[in-house]
Structures are given as C-alpha cells and as structure tokens.
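# Structure at a glance
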Amino acid sequence: GHQQGTPGKNVKIFPNCEKTSVTATACASSTTNEYSLAASETPLTTGNHQNPSAHSIMTTLSQRLQSALQLSHDAGLLILQHYQSDGLLVESKSDESPVTIADRDAETLIRSRIQQLYPDDAILGEEFPSVSGRSGYRWIIDPIDGTKAFVHGIPLFGPLIGIEFENSMPAG
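Model, not experiment: these values are computed from the prediction.

## Considering the pattern of salt bridges
Tallying each qualifying case throughout the model produces eight salt bridges. In this structure, Arg 113 engages Asp 74 in a salt bridge whose closest nitrogen and oxygen atoms are separated by 2.5 Å. Here the residue Arg 113 occupies a position in helix H2 (residues 101-117), and Asp 74 occupies one in helix H1 (residues 52-80), the gap between them amounting to 39 residues. Among the charged side chains, a network of salt bridges with common partners joins Lys 93, Glu 126 and Glu 127.

See below:
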C-alpha cells in the first residue's frame, strides 16, 4: 500500500483489500475503484478517481470510518468506568447472554452520536430496537464484544462498530 492523506499522518490505502493489522478497515473493487482503507487517527482520503461518484462514496465512507473509530474510543472510555466495579448488575437477555449497564450506556452513546452526525443512516444494535434509514448506510453495533469476559474482569472485550453500505460490509 502507499501513504496518502495529511502529511505526517499514518494513512494507508491497500489495493484489493489486503489483510492488515489495523484497528479498522474499509473495503470497496479494483476495476471499480475498489480499495481497502486502513484506519488511523486522521481522516482518510481516496486520492483522484476517474469516477466522481465512487470518489464521493469513498469520501463519505471515510468520514463514517473516522467517526466509527472515535465512537469506539469514546464508548471504550465509558465502558472502562464500569470495569471491575463493585455491584455491577449483570442481567440475562432472552438468549441467556449477559448484559450490563455498560452495554446499554455504550450503545446509547454510540447511537446518539450516529443520529446526530448521520441522521439518515440506519442503526442495528444489540440492546435496543433497530432504526431505519434512507442513506444506504447502516451502522451495526455490538457495544461490548466479550461481555462475559468484561463481567469476569478479564480484559478481552471492546466495542465493535460495523458500517454497511447497500448490503455490503465495507468497514468495521
């Protein structure tokens, strides 16, 4: 892959969706301006494309990916406030999987910010009903992946956020 974006920032674009060891990736197709975007701490750019609509899609996807990274970070900080806390109430959902106030608070935080930033996007989460949208984008939220580890004080958990666009999964 090659570097693009703000000078001095770590943003890479990998052709053909190569596997990378990054926090998040976004895949889009080589003959149709398909790229895999490796996320960093700066907004991603896609360079010059011959197809402006593909460029526009990649730009809005890049913005959403950057938002997902920030939302994940912020939700992680909120979750840590409950980690190994005395009296953490653990309930069972209908499928017998555990849920805590940290799950619900993290999903509430993520959902509210998505609705502020991207009001036309759909949202599918674990703890609350789905929200329909009309933009073609859908956010898929697992506020704490690894809730069982979380409630047992094992540091193998974290928020997961996926971004779906027109029934394909370009980021998560």
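Once the structure has been displayed, the description carries forward.
## A closer look at the packing of aromatic side chains
Within the structure shown, the criterion is met by five aromatic pairs. Centre to centre, the rings of Tyr 83 and Phe 157 are 4.9 Å apart; their planes meet at 45°, and the pair counts as tilted. Taken as a pair, Tyr 83 in the loop between H1 and strand E5 (90-92) and Phe 157 in the loop between helix H3 (147-151) and strand E9 (158-165) lie far apart in primary sequence, 74 residues in all. On the basis of relative accessible area, Tyr 83 is assigned to the buried category, the value being 18%.

## With respect to the nonpolar core
Counting residues in each nonpolar core, the largest one holds 26 residues, and the members touching the most others are Ile 110, Ile 114, Trp 139, Phe 150 and Ile 163. When residues of this core are traced back to their parent elements, those giving at least two are H1, H2, strand E8 (137-145) and E9. At eight residues, the largest contribution of residues to this core is made by H1. Setting aside residues no more than four positions away along its own chain, Ile 110 makes contact with Leu 71, Ala 75, Ile 141 and Ile 161.

## Points about unusual backbone geometry
Phi is positive for Gln 84, close to 55°, though the residue is something other than glycine. As for its placement among the helices and strands, Gln 84 is situated in the loop between H1 and E5. The exposure class of Gln 84 is exposed, given its relative accessible area of 56%. Within the chain, Glu 96 stands out as a residue other than glycine whose phi angle is a positive 70°. Mapped onto the elements of the fold, Glu 96 is located in the loop between E5 and strand E6 (98-100).

Thresholds applied
Residues numbered from 1 in each chain as written. Predicted model: local features only at pLDDT ≥ 70, side-chain atom pairs only at ≥ 80, totals over all residues. Heavy atoms only, no water. Salt bridge = Lys/Arg side-chain N within 4 Å of Asp/Glu carboxyl O. Helix = DSSP H or I, 4+ residues; strand = E, 2+ residues; numbered from the N terminus. Phe/Tyr/Trp six-rings, centres within 6.5 Å; stacked < 30°, edge-to-face > 60°. Buried < 20%, exposed > 50% of the residue type's maximum accessible area, 1.4 Å probe, protein only. Core = buried A, V, L, I, M, F, W, Y, C linked by side-chain atoms within 4.5 Å. Contact = heavy atoms within 4.5 Å.

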